[in-house]
Amino acid sequence: MKVVIADGRHEADYLISVYKSRKNELIVINKDQSFCQYLSKKNRINIFRGNSTKEFDLRMANIENCDLFISLAERDVDSYVSCKMAKNIFNAKKCVATVINPINVELFQKLGVDVAISSTYLLAETIKAKSSYEQLIKTLSLEDDKIVISEIVIEESFKIANKSLKEIKLPEFVSVSCVYRYPHVIIPNGNTVLMPKDKVLVVTTKENQEKIINLISTKRED
């Protein structure tokens, strides 16, 4: 399988390690020269230094007809542009964009990006657990767009901060699927305490997304 990983930093490093062990044709694009050198030295592969939003750079990286194009750009607009170019100009079969703003998940899908997801870490864990390209796409293509994944950063002022999940007692229609506490990814259980600065991934239905975001981000009354 021909896989392109565009942009990103340590999340890109992780995805490289996942795909290297699967005998794929791997193309990595990054515009940060020093980080390109780091990735190349650590993973012992060639890294193409370029801008994933520029058609010339994508052409020079030889991404044509790739099976999977993954954009890990820091800005949502860059993820969108690179995915659309990969799809429309270079005939990428599937494009995956990680987005910062969870609201953009639905928007990106409406605009033609195959899969938009709000966390690179959830994406990496999903890829790691799957044995084939078909399984990966089936898992990430949330059926009928009824399920949404949101990323919320826990603040010190939140009511739920420094409490365990069993103490918080979230509604049944939401599931906390992943907690990113730098540099670790935590698969939570009832005893997991949500700490300030944790990035929490919650899975719920589209109609309950706003309700859950508001619930989790409710601040203490001091």
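Quick caveat: nothing in here was measured; it's all calculated off a predicted structure. (Residues numbered from 1 in each chain as written. Predicted model: local features only at pLDDT ≥ 70, side-chain atom pairs only at ≥ 80, totals over all residues. Heavy atoms only, no water.)

Trainee: Which parts of the structure should I look at to understand the packing of aromatic side chains?
Mentor: Two measures describe an aromatic ring pair: the distance that separates the ring centres and the angle between the ring planes. Per the stated rule, a full pass over the model turns up 2 aromatic pairs. Directly above the ring of Phe35 sits Arg9, whose terminal nitrogen or CZ lies 4.2 Å from the centroid. (Phe/Tyr/Trp six-rings, centres within 6.5 Å; stacked < 30°, edge-to-face > 60°. Lys NZ or Arg CZ within 6 Å of the ring centre and 35° of its normal.)

Trainee: What exactly am I supposed to notice about the environment of Asp78 here?
Mentor: For Asp78, the position within the fold is in helix 4 (residues 76–88). Sequence-wise, Asp78 and Thr53 are 25 residues apart; in three dimensions their C-alpha atoms are separated by 6.4 Å. Apart from the residues within four sequence positions on either side, Asp78 is in contact with Thr53, Ser71 and Ala73. (Helix = DSSP H or I, 4+ residues; strand = E, 2+ residues; numbered from the N terminus. Contact = heavy atoms within 4.5 Å.)

Trainee: What is the right way to look at the confidence of the model for the protein chain in this model?
Mentor: For residues with low pLDDT, the predicted coordinates do not support detailed interpretation. Chain-level statistics for the protein chain give a pLDDT mean of 84 and a share of 86% at 70 or above. For residues 131–144, every residue scores under 50 in pLDDT, and the model assigns this stretch 24 contacts once sequence neighbours within four places are set aside. (pLDDT = per-residue confidence, 0-100.)

Trainee: In this structure, what is going on with the state of the cysteines? I would like to understand it.
Mentor: Linking two cysteines covalently via their sulfur atoms produces the bond known as a disulfide. Scanning the model with the defined rule gives 0 disulfides in all. In this structure Cys66 is a free cysteine whose sulfur lies 6.4 Å from that of Cys95, the closest cysteine sulfur available. The buried category is assigned to Cys66, whose relative accessible area is 0%. (Disulfide = S-S within 2.5 Å. Buried < 20%, exposed > 50% of the residue type's maximum accessible area, 1.4 Å probe, protein only.)

Trainee: Explanation requested: helix 2 (residues 33–43) in the structure shown.
Mentor: An α-helical turn contains 3.6 residues, so any two residues separated by three or four positions project in the same direction. Taken residue by residue, helix 2 has Phe35, Cys36, Leu39 and Asn43 as its buried positions. All buried residues of helix 2 lie within an arc of 105 degrees about the axis, which places them on one face of the element. Within helix 2, the exposed residues directed more than 90 degrees away from the buried face are Gln37 and Lys41. On its buried side, helix 2 packs onto helix 1 (10–20), strand 2 (25–30) and strand 3 (48–49). Downstream of helix 2 by one or two residues, Arg44 has phi in the positive range, about 55 degrees. (Arc of directions from axis to C-beta.)

Trainee: So what exactly am I meant to see when it comes to unusual backbone geometry here?
Mentor: One can expect most non-glycine residues to show negative phi and most peptide bonds to be in trans. Non-glycine residue Asn91 carries a positive phi angle of around 60 degrees. Relative to the helices and strands, Asn91 resides in the loop between helix 4 and strand 5 (94–98). Judged by its relative accessible area of 46%, Asn91 falls in the partly exposed class. Positive phi, normally seen in glycine, also occurs at Lys169, with a value near 55 degrees. Along the chain, Lys169 falls in the loop between helix 8 (165–168) and strand 9 (174–181). When its relative accessible area of 68% is taken as the criterion, Lys169 is described as exposed.

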